[in-house]
Amino acid sequence: MAVTVVVLYAAKKTKTVQFQDFDRSVPLKIFPLPLLYVGNHITGLASTKKLSLPMFTVLRKFTILMTMILEVYILRKTFPKRLVYSVVAIVLGAMIAASSDLAFDMEGYTFILFNDAFTAASSVYTKKKLGTEGLGKYGVLFYNALIIVIPTLLASALTGDLHEAVIFEDWVKATFIICFLMSCFLGFVLMYSIVLCSYYNSALTTTVVGAIKNVAVAYIGIFVGGDYLFSWTNFLGLSIW
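What you see is a predicted model; the values in this text were computed from it and never measured. (Residues numbered from 1 in each chain as written. Predicted model: local features only at pLDDT ≥ 70, side-chain atom pairs only at ≥ 80, totals over all residues. Heavy atoms only, no water.)

Take the UniProt feature "transmembrane region" (unreviewed entry) in the protein next. Residues annotated in UniProt with the feature "transmembrane region" (unreviewed entry) correspond here to residues 58-76, 83-103, 109-126, 138-159, 171-199 and 211-231. Annotated as residues 109-126, this span is 100% helix and 0% strand, and its ends, taken at the C-alpha atoms, are 25 Å apart. Measuring from the first to the last C-alpha atom of residues 171-199 gives 38 Å, for a span that is 90% helix and 0% strand. (UniProt positions renumbered as here; feature names shortened; annotations may be inferred. Helix = DSSP H or I, 4+ residues; strand = E, 2+ residues; numbered from the N terminus.)

Right, let's get into the environment of Ser-122. By secondary structure assignment, the location of Ser-122 is in helix α7 (residues 106-129). Distance from Ser-122 to Leu-33, taken between C-alpha atoms, is 6.2 Å for residues 89 residues apart in sequence. Once residues lying within four places of it in the same chain are set aside, the contact partners of Ser-122 are Leu-33 and Leu-36. (Contact = heavy atoms within 4.5 Å.)

Within the secondary structure, Gln-20 is located in the loop between α1 (2-13) and α2 (25-30). Take Gln-20: its relative accessible area is 15%, and that puts it in the buried class. Here Asp-23 takes part through its side chain, which lies 3.3 Å from a polar atom of the side chain of Gln-20. At 2.7 Å, the side chain of Gln-20 forms a polar contact with the side chain of Lys-29. Setting aside its immediate chain neighbours within four residues, Gln-20 contacts Lys-12, Ser-25, Val-26, Lys-29, Glu-133, Gly-134, Leu-135 and Tyr-143. (Buried < 20%, exposed > 50% of the residue type's maximum accessible area, 1.4 Å probe, protein only. Polar contact = N/O pair within 3.5 Å; in protein donor to acceptor, adjacent residues only side chain to side chain.)

For the rest of this paragraph, the subject is the confidence of the model for the protein. Of all residues in the protein, 85% have pLDDT values of 70 or greater, and the mean over the chain is 84. For the protein, helix α13 (residues 232-239) is the element with the lowest average pLDDT, namely 64, and α1 is the one with the highest, namely 94. (pLDDT = per-residue confidence, 0-100.)

In the structure shown here, the tally under the stated rule is twelve aromatic pairs. Aromatic side chains Phe-22 and Tyr-143 sit 5.9 Å apart centroid to centroid with 45° between the ring planes, which places their arrangement in the tilted category. Placement of Phe-22 in the loop between α1 and α2 and of Tyr-143 in helix α8 (residues 136-159) is noted, with a sequence separation of 121 residues between them. Each member of the aromatic cluster is reached from another via a ring pair, and the members are Phe-19, Phe-22, Phe-142 and Tyr-143. Here the guanidinium or amino end of Lys-12 rests over the ring plane of Phe-19, the centre of that ring lying 4.8 Å away. Directly above the ring of Tyr-199 sits Lys-137, whose terminal nitrogen or CZ lies 4.4 Å from the centroid. (Phe/Tyr/Trp six-rings, centres within 6.5 Å; stacked < 30°, edge-to-face > 60°. Lys NZ or Arg CZ within 6 Å of the ring centre and 35° of its normal.)

The following block contains the structure:
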């Protein structure tokens, strides 16, 4: 978030990019994106902790269905039947995999479904906010990060996470600092890529493109991590993309 604010603020000052200056109308224009962003990350981290990688990725397929439904109700979009059938097939595969999950965890499933809802809502509202006068793709990125960076910092301080980060022993290692800064910058690149994809395409397209990477993650997760319990029904459902 801090890197996003710094990079876009510098770009605005050098007139590389343009978006409106902050005023009282900005929080109203950007709402509810910051709340959806925070909810997405909290539930995502919680569900990753509870589920194996293959089941995490397969249950993320419900995001596609939720995104399509929200686009119909919020953006008033219509979809051809062949696209609807494709989404139904993807969700059917997720249901088959979930029906035979030998490592079923109710709390994990609850978190991942909330995470799906937050991700879908975030995608749809991002698409909607991109058309807001004065914001555009750079304004959406900048003000979303700016509004939530301070509450997030305060929350991490209250939970003790900030103290743990400050006293982390590897801050004196150049290798760690380089990797950490690269991670922060690539986080900005990732967020910009998502917004850019939504700018030129539909929210559903962005969600489907994001899910493609899960093919590799799911199959690698079967062999890495040691928490996936194999069954043929589960594997068949996992393989229906």
